[in-house]
Amino acid sequence: DYEKWLAFNASAALAGIAGYSYEKQVNWLDGDAVVSIVPMMVTANFFDVTGMPIAKGRAFTAVEARAEDDPRLVVVSHEFWQRKLGSDANVIGRALTLNGESYTVLGVLAPRARSVASFGIAPGVYAPLNRQLIPELMNRDAAVVKLLGRLKPDQSPPQGRQLMDALDRRIGRA
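This write-up is about the structure you can find in this document. (Residues numbered from 1 in each chain as written. Predicted model: local features only at pLDDT ≥ 70, side-chain atom pairs only at ≥ 80, totals over all residues. Heavy atoms only, no water.)

**Details of the overall build of the chain**
Quick reminder of the rule: Think of it this way: any DSSP run of H or I at least four residues long counts as a helix, any run of E at least two long counts as a strand, and we number them from the N terminus. Within these notes, the globule rule equals 2.2 Å times the number of residues to the 0.38 power, and the radius of gyration is based on C-alpha atoms. Throughout, exposure labels follow a simple rule: accessible area from a 1.4 Å probe, protein chains only, divided by the maximum for the residue type, with under 20% read as buried, over 50% as exposed, and the rest as partly exposed.
Looking only at helices and strands, one finds four helices and 10 strands in the chain. Ordered by position from the N terminus, the helices and strands of the chain form the series α-β-β-β-β-α-β-β-α-β-β-β-β-α. Computed over the C-alpha atoms, the radius of gyration of the chain is 16 Å, within 12% of the 16 Å expected from 2.2 N^0.38 for a compact globule of 174 residues. Based on the C-alpha atoms only, the size of the chain along its principal axes is roughly 50 × 30 × 25 Å. Buried residues in the chain amount to 43% of all 174 residues.

So, in structure tokens, the structure goes:
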């Protein structure tokens, strides 16, 4: 869940721990047409942890992407930018309407960038985790946020797992 990500991320047990959710369909207003898409909702550090490069513009900052503030920002894939947004040279700052709310495009991913979290699937739109798109986000029992991590250079996978398991037990008792 989101609260677990906050605790894990603050612990610095790994080089980086990102959170994401990729199950919710949303409605994107494309001109006069409403199109159903499945954006990936992510923590601000998702692009750094996964190593996904931004080709135009930038990713969201930690301050901008605080889920508690219900951010209205997006990064789009290169393919989405080309196919759905017509390779608009002025895409940075452009508004996309998702579920009736305006979201500002901050960046475009590099060509052929793939999200490791979705096993090679490349979502067209990445938005910060927020309650407008995931109403149950702050519900600890909902478990809508999945976590992925990057080991520190000197950590083995068993060491990373041991640290995460111990942290998970501590958080569970809190």
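**Quick word on the layout of surface pockets**
The cut-off we apply is this: Lining residues are those with an atom within 4 Å of a point, where the points come from a 1 Å grid over the protein atoms alone and group into cavities, where a 1.4 Å probe fits but cannot get out, or pockets, open sets with protein on both sides within 12 Å along at least five of seven lines. Grid points are joined across faces, edges and corners, and a volume is the space filled by probe spheres set on the points. Residue polarity is assigned by list, with Asp, Glu, Lys and Arg as charged and Ala, Val, Leu, Ile, Met, Phe, Trp, Tyr, Cys and Pro as nonpolar; anything else, Gly included, falls into the polar class.
Quantified by volume, the largest pocket comes out at close to 320 Å³. As for the largest pocket, its lining consists of 15 residues, and the residues nearest its centre are F8, L14, L147, R161 and M164. Ranked by residue count, the leading element in the lining of the largest pocket is helix α4 (residues 157–173), at six residues. Tallied by class, the residues present in the lining of the largest pocket amount to eight nonpolar, two polar and five charged. Computed from the structure, the second largest pocket encloses a volume of approximately 150 Å³. Per element, the largest residue contribution to the lining of the second largest pocket is four residues, and it comes from helix α1 (residues 2–11).

**Some thoughts on the environment of K4**
Within the secondary structure, K4 is located in helix α1. C-alpha of K4 to C-alpha of G19: the two residues are 15 residues apart in sequence and 9.4 Å apart in space.

**Here we look at a positive patch on the surface**
As a reminder of what qualifies: In this scheme, patches are assembled from residues that exceed 30% relative accessible area and form no salt bridge. Like charges are connected within 9 Å, while nonpolar side chains (Val, Leu, Ile, Met, Phe, Trp, Tyr) are connected within 5 Å. To measure how exposed things are, a 1.4 Å probe is used in the Shrake-Rupley method; for residues, cover is taken only from the protein chains shown. Salt bridges are identified by distance alone: a Lys or Arg side-chain nitrogen within 4 Å of an Asp or Glu carboxyl oxygen. Charge counting follows a simple rule: Lys and Arg are positive, Asp and Glu are negative, and His as well as the terminal groups are ignored. By convention, the charge on Lys lies at NZ, on Arg at CZ, on Asp at CG and on Glu at CD.
Where like charges cluster on the molecular surface, the positive patch consists of R83, K84, R112 and R114. Assignment of secondary structure puts R114 in the loop between β8 (101–109) and β9 (125–128).

**Section: the pairing of strand β3 (residues 33–37)**
Sheet faces and side chains relate simply in a regular strand, where the side chains alternate between the two faces. Where we set the bar: When DSSP locates at least two bridges between a pair of strands, those strands are taken to pair.
With five bridges joining them, strand β2 (residues 26–30) and β3 adopt antiparallel strand pairing. Residue N27 lies in a different strand from β3, and its bridge partner there is S36. Where β2 folds back onto β3 in an antiparallel hairpin, the turn is made up of two residues, including G31, whose phi is positive at roughly 70°.

**Quick word on the packing of aromatic side chains**
Spelled out, the test is: Each aromatic pair joins two rings of Phe, Tyr and Trp (for Trp, the six-membered one) with centres within 6.5 Å, and gets the label stacked for planes under 30 degrees apart, edge-to-face for over 60, and tilted for any other angle.
Counting across every chain of the model gives seven aromatic pairs. A ring pair is formed by F46 and Y126, whose centres lie 6.2 Å apart and whose planes are at 35°; its orientation type is tilted. Linking F46 in helix α2 (residues 46–50) with Y126 in strand β9, this pair joins segments that are 80 residues apart in sequence. Owing to a relative accessible area of 0%, F46 belongs among the buried residues under this scheme.

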